[in-house]
Amino acid sequence: MAYFAKLGTGNIIEQVISINNSVITDSNGVEQEQLGVDFINKLYNTRDVWKQTSYNKTFRKNFAGIGYQYDQARDAFIEPKPFNSWILNEDTCIWKAPVDRPDNENIYTWNESTLTWDIVEL
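Heads up: these notes are all about the structure in this document. Since we're looking at a predicted model, the values are computed, not measured.

Focus on the environment of Asn106
Mapping Asn106 onto the fold places it in the loop between strand E7 (94–96) and strand E8 (108–111). Taking the relative accessible area as the measure of exposure, Asn106 reaches 32% and is therefore partly exposed. Side chain to side chain, Asn106 and Tyr108 meet in a polar contact 3.4 Å long.

Quick notes on the nonpolar core
Counting residues in hydrophobic clusters, the biggest one holds 10 residues: Ala76, Ile78, Trp86, Leu88, Cys93, Trp95, Ala97, Tyr108, Trp110 and Trp117. When residues of this core are traced back to their parent elements, those giving at least two are strand E5 (76–78) and E8. Excluding residues within four positions of it along the chain, Ala97 makes contact with Trp86, Trp110 and Trp117. Counting residues in each nonpolar core, the second largest holds 8 residues, with Ala2, Ile19, Val37 and Trp50 among its members.

A word on the side chain of Ser54
In this structure, Ser54 sits in the loop between strand E3 (49–53) and strand E4 (69–71). Among the residues examined, Ser54 registers a relative accessible area of 8% and is labelled buried. A polar contact is formed between the side chain of Ser54 and the side chain of Thr58, at a distance of 3.1 Å.

Comments concerning the packing of aromatic side chains
Between two aromatic rings, the relevant description is the distance of the centres plus the angle of the planes. On inspection of all chains with the given rule, the structure shows 9 aromatic pairs. On the numbers, 4.9 Å between centres and 80° between planes, the contact of Tyr3 with Tyr55 is edge-to-face. Residue Tyr3 is found in strand E1 (residues 2–7), and its partner Tyr55 is found in the loop between E3 and E4; the two are separated by 52 residues along the sequence. According to the relative accessible area criterion, Tyr3 is partly exposed, its value standing at 21%. Its relative accessible area of 53% is what places Tyr55 among the exposed residues. Where Phe83 meets Trp86, the ring centres are 5.4 Å apart and the plane angle is 40°; that geometry is what we call tilted. The partly exposed category is assigned to Phe83, whose relative accessible area is 28%. On the basis of relative accessible area, Trp86 is assigned to the buried category, the value being 13%. One aromatic cluster in this structure is built from Phe83, Trp86, Trp110 and Trp117. When the ring centre of Trp117 is taken as origin, the NZ or CZ atom of Arg101, which lies over that ring, is 4.7 Å away.

Remarks on the pattern of salt bridges
Counted under the stated rule, the structure contains 7 salt bridges. Residue Asp75 is joined to Arg60 by a salt bridge in which the shortest nitrogen-to-oxygen separation is 2.7 Å. Here the residue Asp75 occupies a position in the loop between E4 and E5, and Arg60 occupies one in the loop between E3 and E4, the gap between them amounting to 15 residues. With relative accessibility at 33%, the residue Asp75 sits in the partly exposed group. Among the charged side chains, a network of salt bridges with common partners joins Lys6, Glu14 and Asp48.

Focus: the sheet that holds E1
Pairing is antiparallel across the open sheet formed by 3 strands, whose spatial order is E2-E1-E3. The sheet is open, and its two borders are formed by strand E2 (13–19) and E3, each paired with just one other strand. Between one strand and the next, the sheet's axes are offset by a mean angle of 30°, whatever the strand orientation. With respect to the sheet, helix H1 (residues 33–44) is in contact with E1, E2 and E3, its orientation differing from that of E3 by roughly 130°.

What counts as what
- Residues numbered from 1 in each chain as written.
- Predicted model: local features only at pLDDT ≥ 70, side-chain atom pairs only at ≥ 80, totals over all residues.
- Heavy atoms only, no water.
- Helix = DSSP H or I, 4+ residues; strand = E, 2+ residues; numbered from the N terminus.
- Buried < 20%, exposed > 50% of the residue type's maximum accessible area, 1.4 Å probe, protein only.
- Polar contact = N/O pair within 3.5 Å; in protein donor to acceptor, adjacent residues only side chain to side chain.
- Core = buried A, V, L, I, M, F, W, Y, C linked by side-chain atoms within 4.5 Å.
- Contact = heavy atoms within 4.5 Å.
- Phe/Tyr/Trp six-rings, centres within 6.5 Å; stacked < 30°, edge-to-face > 60°.
- Lys NZ or Arg CZ within 6 Å of the ring centre and 35° of its normal.
- Salt bridge = Lys/Arg side-chain N within 4 Å of Asp/Glu carboxyl O.
- Pairing = 2+ DSSP bridges.
- Axes fitted to C-alpha atoms, helices over the stretch in contact; angles between N-to-C directions.

On their own, these measurements won't tell you what the molecule is for.
Here it is in structure tokens:
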């Protein structure tokens, strides 16, 4: 399956759909993103902007999700920033806490007011 994300205002993902790989494969057996975009817009009778996305993260860094943003400069899908203090890893385009989560068997939650990981008491 091939997956495509519909970009809305501000390049925010509004929808993610799948289509058969045969739709995006040209006569030489090469996948072409534009074939998928043309197929989807013809199917829905629209002129929307669609970008192909990959579960395997082989391109565009992350699989697109509703509410994610497509960053054209990075050619990447980026999830919404979870906390104001978190920093975007430029290589992976994944948000990272300013302090590493402790690496042990405990369950933690991020505390934005103290910028620490708090143990979740069960």
